[in-house]
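# Reading the structure
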Amino acid sequence: MGDKSPRGLSDHPPGRLPCMKAEDGAGASSSSAVCAQQVQADGLGHSSGSEFEKLFHLLMELRHDDYVPIRTAGSIGDLGGDGLRTSTRALYACYAPETFDVSSVRSKFLGDVESAVVQRPEQFDTFVFVHNDQRGGVHPVVSGLLMDAGRTFPRVVFQQMGPQKLWHEAMYLDRVRMERLLGETIPVERVVYRIGLAEIEPLLRHLAEKRRRACASAVPVPLPTIHKVDFNELSEHAREVLQAGRPYAHLVEQYYRSLLDPQERDETAAGFRAYYARMRQEYGDDTDKILWQMQRYVLGQEAPRWDRDEAAKAVLAYFFDECDIFEVPPPGWRPERPEQEGAAPA
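In this text, all values refer to a predicted model and were calculated from it rather than measured experimentally. (Residues numbered from 1 in each chain as written. Predicted model: local features only at pLDDT ≥ 70, side-chain atom pairs only at ≥ 80, totals over all residues. Heavy atoms only, no water.)

### Considerations on the overall build of the protein chain
When helices and strands are counted, the protein chain shows 13 helices and five strands. In the protein chain, which comprises 346 residues, the proportion classed as buried is 50%. At a minimum sequence separation of 6, the contacts of the protein chain that also span at least 24 residues come to 75%. With the model as given, the accessible surface of the protein chain reaches about 16,600 Å², and the carbon-plus-sulfur share is 52%. (Helix = DSSP H or I, 4+ residues; strand = E, 2+ residues; numbered from the N terminus. Buried < 20%, exposed > 50% of the residue type's maximum accessible area, 1.4 Å probe, protein only. Contact = heavy atoms within 4.5 Å. Areas by Shrake-Rupley, 256 points an atom, 1.4 Å probe, with all protein chains shown as cover.)

Below you can see the structure in the form of structure tokens.
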């Protein structure tokens, strides 16, 4: 499949660089994560062919120590796989054409699956079809192929991995490895750019429109897990941020139920979890700072309009209450401090 020497994302047509430092000077990890948000989409989403495969190998080698890139070898080819993780027994096959062609993708998928099952049956339990389609969801043909393959080979788990999931992998990289992926040093000057999370943008617009017509309940809305804010030691201000968004959190659920792609909610939640884990590693027990970084993850760094800011609070409240972000207290846990009499749980 050609030269597989790794190249950084800076070797590709530039996106909206340079990358930026958080305006509060709050450390390089959040800066590199924002860089990845933009450049990962520009690189992995817009590259094709061998360039996409090189970037995929580089990301996976930086992310997973057990990842093994596979090259072609004479008449035997690559035995149906482009990469393999030895600990999880996952085999990866890349398909990244410049233009999507149904017959070609079917031929590629079926050929790789048959080759892998026949020639390396004891080496993998999961087959991952890696692609560069960033239009949201997978093509109906690809989803059908995955389902059919699962019925034909029931011992194998079949999955897909597109630019969004690859970006989630990049979220776990530290600054040194992120710079290796980007192919350049992450600048640290105080620059504020408007980036925003692309997959959340339509949700923010939906919430901003619906919020004007939604009537907030006069009764305080409690958390499903009422002690979660106590367990995470969030300040009163942080609680107010979540509580302000909670009356409108049902609009988030309404938005996801209206989508044709049932996986979008889960993939967005995975992105939240990955970024939260990243911020947890950087800021430790400073949960207020983590919540603030999560809000910036939704909105970008530029000061938002009031309606977008309110919509972001609803998004945070939704994923907080769904337990996709922040720690969940163990069963039976109670705060040491007594709750104030008559106070609503927060």
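Moving on, there is more to tell.
### Quick look at unusual backbone geometry
Phi is positive for Cys 323, which is not a glycine, with a value near 65 degrees. Tracing the chain through its elements places Cys 323 in the segment after α13 (306-321). On the basis of relative accessible area, Cys 323 is assigned to the partly exposed category, the value being 32%.

### A word on the packing of aromatic side chains
Enumeration according to the criterion identifies 19 aromatic pairs in this entry. With centroids separated by 6.0 Å and ring planes inclined at 65 degrees, the aromatic side chains of Tyr 67 and Tyr 92 adopt a geometry described as edge-to-face. With a gap of 25 residues between them, Tyr 67 in strand β1 (residues 67-69) and Tyr 92 in strand β3 (residues 90-95) connect regions that are remote in the sequence. A residue is classified by how much of its surface remains accessible, and Tyr 67, at 5% relative accessible area, is buried. When the ring of Tyr 255 is compared with that of Tyr 256, the centres are 5.3 Å apart and the planes differ by 65 degrees; the resulting orientation is edge-to-face. (Phe/Tyr/Trp six-rings, centres within 6.5 Å; stacked < 30°, edge-to-face > 60°.)

### Quick word on the sheet that holds strand β2 (residues 83-85)
In space, the five strands of this open sheet follow the order β1-β2-β3-β4-β5, with mixed pairing throughout. Bordering the open sheet on either side are β1 and β5 (157-161), each of which pairs with just one other strand. Each strand axis lies, on average, 20 degrees off the axis of its neighbour in the sheet, ignoring direction. In the sheet, β2 pairs with β3 via three bridges, with the strands oriented antiparallel. Counted as the bridge partner of Arg 85 is Ala 90 from β3. Packed on one face of the sheet, helix α3 (residues 102-119) meets β3, β4 (126-131) and β5 and runs near 150 degrees to β4. (Pairing = 2+ DSSP bridges. Axes fitted to C-alpha atoms, helices over the stretch in contact; angles between N-to-C directions.)

### Considering the confidence of the model for the protein chain
Low-pLDDT stretches of the model should not have their predicted coordinates read in fine detail. For the protein chain, the average pLDDT comes to 75, and 68% of its residues sit at 70 or higher. Segment residues 189-196 is flagged for pLDDT under 50; beyond a separation of four residues in sequence, or across chains, it makes 30 contacts in the model. Here residues 339-346 is a poorly scored stretch, pLDDT under 50, and it has nine contacts once near neighbours within four places are set aside; other chains count. (pLDDT = per-residue confidence, 0-100.)

### Observations regarding the nonpolar core
As a rule of thumb, nonpolar side chains are buried together in soluble globular proteins. Counting 31 residues, the largest nonpolar core has Phe 272, Met 294, Leu 316, Phe 319, Ile 325 and Phe 326 as its most contacted members. Breaking this core down by element, the ones donating at least two residues are α9 (236-245), α10 (250-257), α11 (264-283), α12 (287-299) and α13. In terms of residues, this core owes the most to one element, α11, which gives seven residues. Discounting chain neighbours no more than four positions away, the residues touching Ile 325 are Lys 228, Phe 272, Tyr 276, Met 294, Leu 316, Phe 319 and Phe 320. (Core = buried A, V, L, I, M, F, W, Y, C linked by side-chain atoms within 4.5 Å.)

### Quick notes on the packing of helix α5 (residues 163-170) against α11
One can describe the packing of α5 onto α11 by two numbers: an axis separation of 9 Å at closest approach and a directional angle of 10 degrees. Regarding the angle of α5 to α11, the classification is roughly parallel. When the axes of α5 and α11 are compared, the crossing they make is left-handed. In this structure, α5 contributes Gln 164, Lys 165, Trp 167, His 168 and Ala 170 to the contact, and α11 contributes Glu 267, Ala 270, Gly 271, Ala 274 and Arg 278. Residues of the contact of α5 with α11, tallied by class, amount to four nonpolar, three polar and three charged. (Parallel < 35°, antiparallel > 145°, perpendicular 65-115°, else oblique. Left-handed = near helix turned anticlockwise from the far one by under 90°. Nonpolar A, V, L, I, M, F, W, Y, C, P; charged D, E, K, R; others polar.)

### Quick word on the packing of α11 against α12
Taken N-terminus to C-terminus, the directions of α11 and α12 make an angle of 140 degrees; their axes are 10 Å apart at the nearest point. Here α12 runs oblique to α11, going by the angle between their axes. Crossing geometry of α11 relative to α12 is assigned as right-handed. On α12, the residues touching Gly 271, Phe 272, Tyr 275, Tyr 276, Met 279, Arg 280 and Tyr 283 of α11 are Lys 289, Ile 290, Gln 293, Met 294, Tyr 297 and Val 298.

### Points about α9
Inspection of α9 places Ala 238, Arg 239, Val 241, Leu 242 and Gly 245 among the buried residues, and these make up the whole buried set. Angularly, the buried residues of α9 cover 155 degrees about the axis, an arc narrow enough to put them on a single face. Those residues of α9 that are exposed and angled more than 90 degrees off the buried face are Glu 236, His 237 and Glu 240. (Arc of directions from axis to C-beta.)

### Thoughts on the pattern of salt bridges
In total, this model carries 18 salt bridges according to the counting rule given. When the shortest N-O distance is used, the salt bridge between Arg 246 and Asp 321 registers 2.8 Å. Of this pair, Arg 246 sits in the loop between α9 and α10 while Asp 321 sits in helix α13, and the two are 75 residues apart along the sequence. The exposure class assigned to Asp 321 is buried, which follows from its relative accessible area of 15%. Residues Asp 324 and Arg 265 are paired through a salt bridge, measuring 2.6 Å at the closest nitrogen-oxygen approach. With a gap of 59 residues between them, Asp 324 in the segment after α13 and Arg 265 in helix α11 connect regions that are remote in the sequence. (Salt bridge = Lys/Arg side-chain N within 4 Å of Asp/Glu carboxyl O.)

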